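Residue strings, one per chain:
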Amino acid sequence: MTSQDSVLDVFHFDKDGVRLTVEDAVATVTLTNPSRRNAQSPALWRALAQAGRSLPGSVRVVVLRGEGKSFSAGLDRQAFTPEGFDGEPSFLELAGSSDAELDATIAGYQEAFTWWRRNDIITVAAVQGHAIGAGFQLALACDLRVVAQDVQFAMRETGLGLVPDLTGTHPLVSLVGYARALEICLTGRFVHADEAERIGLANLVVPADELDGAVRDLASALLAADRNAVIETKALLRGATARSYEDQRVAERAAQARRLRDLAGLAE
């Protein structure tokens, strides 16, 4: 067994509709329930959170993909039945929880969607077919989105009397602006590939049979840059909207000073 085989064995799991594989500096997280269009559940969210915790420090790029014709059609409708999922409280039971219990439960669900924004990794969603509701929000959790020409993004929560609560509202507004985000969420309409690229939801649109190759090419380009420079740049850009122009200038200077000292071998 080679050392690479050992890494793949240690950092590979396949459970509850999620498969994680690691090869060198690239990890791939795959949704593996194509027969249900990769519908999501609390068990799947826990597995996604575990995938984030399982990444070795060597990983620089994480690719998120879904098996089959759809990336993810959103929350499994079984969640809205009185019985819910086996071993899980139904949504009706959750509604009867205390404020603190309900808040903690939803916060736990959100953990599946938060780690993709870590500064030490760049995350790329490879999106084909349906990306609806929780599926749309999972794609939005990533830094970059490469989409197939058949992609269909939609937020359907308000049609169910709910709101998007899986961390998708902040990146959606950041990408497309308040007015368009509001219209997309309240109408529940589909956003197709051409519009997604035009309004900033998609970084690249390709034919469906070229999706995997395009993502591999992008990952290779991302890996070509200096890792510490990538980490500093991502942190600068992620914090830019929360800072004033002058504060951002200060942050840029501090980041560049760290890079210069590191390159000169003078970093503390």
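The present account deals with the structure reproduced in this document. These figures come from a predicted structure and were not determined experimentally. (Residues numbered from 1 in each chain as written. Predicted model: local features only at pLDDT ≥ 70, side-chain atom pairs only at ≥ 80, totals over all residues. Heavy atoms only, no water.)

### Digging into the sheet that holds strand β9 (residues 191–192)
Inference 1: Taken together, the three strands give an open sheet; going across it, the order is β6-β8-β9, and neighbouring strands pair in mixed fashion. Whereas interior strands pair on both sides, the edge strands pair on one side only; in this sheet they are β6 (130–132) and β9.
Inference 2: In this sheet, strand β8 (residues 152–154) lies alongside β6 in parallel orientation, the contact comprising three bridges. If you follow His 130 over to β8, its bridge partner there is Gln 152.
Inference 3: Contacts from helix α5 (residues 134–141) reach β6 and β8, with the element oriented near 95° to β6. (Pairing = 2+ DSSP bridges. Helix = DSSP H or I, 4+ residues; strand = E, 2+ residues; numbered from the N terminus. Contact = heavy atoms within 4.5 Å. Axes fitted to C-alpha atoms, helices over the stretch in contact; angles between N-to-C directions.)

### Regarding the pairing of strand β4 (residues 61–66)
Inference 1: When you tally the buried positions in β4, you get five out of six residues, the bulk of the element.
Inference 2: Note: strand β3 (residues 26–31) against β4, six bridges, orientation parallel. Looking at the pairing, Val 29 lines up with Leu 64 of β4.
Inference 3: As judged from the five bridges shared by β4 and strand β5 (residues 122–127), these two strands associate in the parallel manner. Opposite Val 61, over in β5, you have Ile 122 as the bridge partner. (Buried < 20%, exposed > 50% of the residue type's maximum accessible area, 1.4 Å probe, protein only.)

### So, the sheet that holds strand β10 (residues 204–206)
Inference 1: One open sheet accounts for seven strands, arranged β1-β2-β3-β4-β5-β7-β10; its pairing is mixed. Among the strands making up the open sheet, the edge pair consists of β1 (13–15) and β10. Here the average twist between neighbouring strands, direction ignored, is 15°.
Inference 2: On top of the sheet, helix α9 (residues 211–223) reaches β3, β4, β5, β7 (144–148) and β10; it is set at about 160° to β7, its chief contact.

### Re helix α10 (residues 227–240)
Structural remark: α-helix, 3.6 residues per turn; residues separated by three or four positions point the same way.
Inference 1: Between its first and last C-alpha atoms α10 spans 20 Å; for 14 residues at 1.5 Å apiece the expected length is 20 Å, and the two agree.
Inference 2: Of all the residues in α10, the buried ones are Val 230, Glu 232, Lys 234, Leu 236 and Gly 239.
Inference 3: Contacts from the buried residues of α10 go to β5 and α11 (245–263).
Inference 4: The opening residue of α10, the one whose side-chain oxygen lies 3.0 Å from the backbone nitrogen of Asn 228, is Asp 226. (Expected span 1.5 Å × (residues − 1). Polar contact = N/O pair within 3.5 Å; in protein donor to acceptor, adjacent residues only side chain to side chain.)

### Brief notes about the pairing of β7
Inference 1: Among the five residues that make up β7, five are buried, leaving the element largely enclosed by the rest of the structure.
Inference 2: Every second residue of β7 is oriented toward a common face, with Leu 144, Val 146 and Ala 148 on one face and Arg 145 and Val 147 on the other, all of them buried.
Inference 3: Across four bridges, β5 lies against β7 in parallel orientation. Bridge assignment links Val 127 to a residue of β7, and that residue is Val 147.
Inference 4: With three bridges joining them, β7 and β10 adopt parallel strand pairing. Looking at β10, one finds that Ala 148 is bridged to Val 206.

### Quick look at helix α4 (residues 99–114)
Inference 1: Look at α4: 22 Å from first C-alpha to last across 16 residues, which is about the 22 Å you get at 1.5 Å a residue.
Inference 2: Turning to α4, its buried residues are Tyr 109, Ala 112 and Phe 113.
Inference 3: Lining the buried residues of α4 we find α2 (42–54), α3 (91–95) and α5.

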